[in-house]
Amino acid sequence: MELTEKEKFHYLNLEKGFAGEVKFDQLIENLQEERYILNDLLLEVNNSYFQIDSVIITQSVIYLLDIKNFQGDCYLESDKLYSVTTKREYKNPVDQLKRSSTLFRQLLQIHKLNYLVESSVIFINSEFTLYQAPMDQPLILPTQVDRFLVNLNQTPSKLKEGHKDLAQKLLSLHQPKNPFTTLPRYDYGQLQKGVYCKTCFSYFVSVKNKYFVCGKCGELEKINLGILRNVQEYKLLFPDQKITTQAIYDWCKVDLSKKTFYRILKKNYTSCGNTKDTYYI
Ligand SMILES: [Zn+2]
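Residues numbered from 1 in each chain as written. Predicted model: local features only at pLDDT ≥ 70, side-chain atom pairs only at ≥ 80, totals over all residues. Heavy atoms only, no water.

**Topic: the packing of helix H5 (residues 223-237) against helix H6 (residues 245-252)**
Packing of H5 against H6 brings their axes to within 10 Å, and their N-to-C directions diverge by 100 degrees. The angle between the axes of H5 and H6 places the two elements in the roughly perpendicular class. Listed contacts from H6 to Ile227, Asn230, Val231, Tyr234 and Leu237 of H5 are Ala247, Ile248, Trp251 and Cys252. Here the contact of H5 with H6 is composed, by residue class, of 8 nonpolar, 1 polar and no charged. (Axes fitted to C-alpha atoms, helices over the stretch in contact; angles between N-to-C directions. Helix = DSSP H or I, 4+ residues; strand = E, 2+ residues; numbered from the N terminus. Parallel < 35°, antiparallel > 145°, perpendicular 65-115°, else oblique. Contact = heavy atoms within 4.5 Å. Nonpolar A, V, L, I, M, F, W, Y, C, P; charged D, E, K, R; others polar.)

**With respect to the coordination of the zinc ion**
The protein atoms donating to the zinc ion are Cys197 (SG), Cys200 (SG), Cys214 (SG) and Cys217 (SG), with metal-donor distances spanning 2.3 Å. Given 4 donor atoms and angles of 106 to 114 degrees at the metal, the environment of the zinc ion is assigned as tetrahedral. Coordination of the zinc ion draws on donor residues from a single chain, spaced C-x2-C-x13-C-x2-C in sequence. Classification of Cys197 as buried rests on a relative accessible area of 4%. For Cys200, a relative accessible area of 25% translates into the label partly exposed. (Donors = N, O, S within 2.8 Å, 3.2 Å for Na, K, Ca; no water. Tetrahedral: all angles 85-135°; square planar, octahedral: opposite > 155°, others 65-115°. Buried < 20%, exposed > 50% of the residue type's maximum accessible area, 1.4 Å probe, protein only.)

**Overview of unusual backbone geometry**
What you tend to see is this: most non-glycine residues have negative phi, and most peptide bonds are trans. Of note, the phi angle at Asn47 is positive, near 70 degrees, even though the residue is not glycine. Checked against the element boundaries, Asn47 lands in the loop between strand E1 (36-45) and strand E2 (48-57). The phi angle at Lys112 is positive, at roughly 55 degrees, despite the residue not being glycine. Of note, Lys112 is situated in the loop between helix H2 (93-110) and strand E7 (116-123). Owing to a relative accessible area of 76%, Lys112 belongs among the exposed residues under this scheme.

**Concerning the pattern of salt bridges**
Evaluated as defined, the whole model comprises 5 salt bridges. We note a salt bridge from Lys8 to Glu5, for which the minimum N-O separation is 3.8 Å. Of the two residues, Lys8 and Glu5 both sit in helix H1 (residues 5-28), 3 residues apart, roughly one turn of that helix. Residue Glu5 is classed as exposed on the basis of its relative accessible area, which comes to 63%. The shortest N-O distance in the salt bridge between Glu33 and Lys158 comes to 4.0 Å. Here Glu33, found in the loop between H1 and E1, pairs with Lys158, found in the loop between helix H3 (145-154) and helix H4 (161-173); they are 125 residues apart in sequence, far enough to count as distant. Since its relative accessible area comes to 51%, Lys158 is described here as exposed. (Salt bridge = Lys/Arg side-chain N within 4 Å of Asp/Glu carboxyl O.)

**Things to note about H6**
Among the residues making up H6, those that are buried are Thr245, Ala247, Ile248, Trp251 and Cys252. Angularly, the buried residues of H6 cover 165 degrees about the axis, an arc narrow enough to put them on a single face. The elements touched by buried residues of H6 are H5, helix H7 (258-268) and strand E14 (279-280). (Arc of directions from axis to C-beta.)

**Brief notes about the domain arrangement of the chain**
When cut into domains, the chain gives domain 1 (5-173) and domain 2 (190-280). On a C-alpha basis, the centroid separation for the pair domain 1 and domain 2 is 39 Å. (Domains from an automatic or database assignment.)

**Observations concerning the nonpolar core**
In this structure, Phe212, Ile227 and Ile248 are the most contacted members of the largest nonpolar core, which totals 24 residues. Among the elements of the structure, strand E11 (211-214), H5, H6 and H7 are those that each provide at least two residues to this core. Broken down by element, the residue count for this core peaks at 5 residues, all from H5. If we ignore the near neighbours within four places in the chain, the residues touching Ile248 are Ile227, Val231, Tyr234, Ile243, Phe261 and Leu265. The next biggest cluster of nonpolar side chains, apart from the first, holds 18 residues, and it includes Phe50, Leu64, Leu108 and Leu170. (Core = buried A, V, L, I, M, F, W, Y, C linked by side-chain atoms within 4.5 Å.)

**Regarding H4**
Counted at 1.5 Å a residue, the expected span for H4 with its 13 residues is 18 Å, and the 18 Å between its end C-alpha atoms agrees. Of all the positions in H4, only His163, Leu166, Ala167 and Leu170 are classed as buried. End-on view of H4: buried residues confined to an arc of 95 degrees, all on one side of the axis. Residues of H4 that are exposed and point over 90 degrees away from its buried face: Glu161 and Ser172. Looking at the buried side of H4, the elements it contacts are E1, E2, strand E3 (61-68) and H2. (Expected span 1.5 Å × (residues − 1).)

**A look at the sheet that holds E3**
The strand order E1-E2-E3-E7-E9 describes an open sheet built from 5 strands, whose pairing is mixed. Strand pairing shows two members of the sheet lacking a second neighbour, E1 and strand E9 (139-140), which therefore form its edges. (Pairing = 2+ DSSP bridges.)

The following block contains the structure:
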């Protein structure tokens, strides 16, 4: 479906943020020494929710890191963050981080866990400049990211049973469903049916032998994999609906027989129910 301008903006921001987190994950992949790294924890204390992009548990310190993939020129003025070109105001990531670390410390206290906590906002994008950045704020600017990692890497760290308990405790407290996620409203009837290309997202896809062929970029995808991709999406979009041959046939709306769908579902899922209303899990 076509998103509104506001939804598109929000969506692009989420994508950018996600790309930044992935980039950071790649940078810390090869850390030496022993550490636990917990990504995207969503925690709750006294009904206040807070999310932390990356929690790194080391022998002596727990690092709370918020990863920002901002691009372009920004400046800070009386604790507010603005874009130089558009003058648009952004949420100050330091405020968010302060809130998260306060809540995180409370959480540790509640569970009688005694650890040193250090938190920082990491600006991961080398195309980002922050003017008037104060020196006393927990900011790691693009030119400092490497040094931050080197320092982290060179600090010896041996983990004990207590660290493992802490990591497991945090994982057990993770809230799998974010109550503040705002998804655009949608219903089945409103969404475009059909198989789209997994690479360029166009709907100019046709069936050739065992493949879906994209008429726009030429991408080939095996039919069974393309159908399974669509089953996953259908499940994600309509978690309460049953996966049936008819449902996936209608959803994919492509020049293939129902029998093909039946075969693919049967092979990859477990069938339930009577012959007449078989569904798959
Ligand atoms: Zn394509």
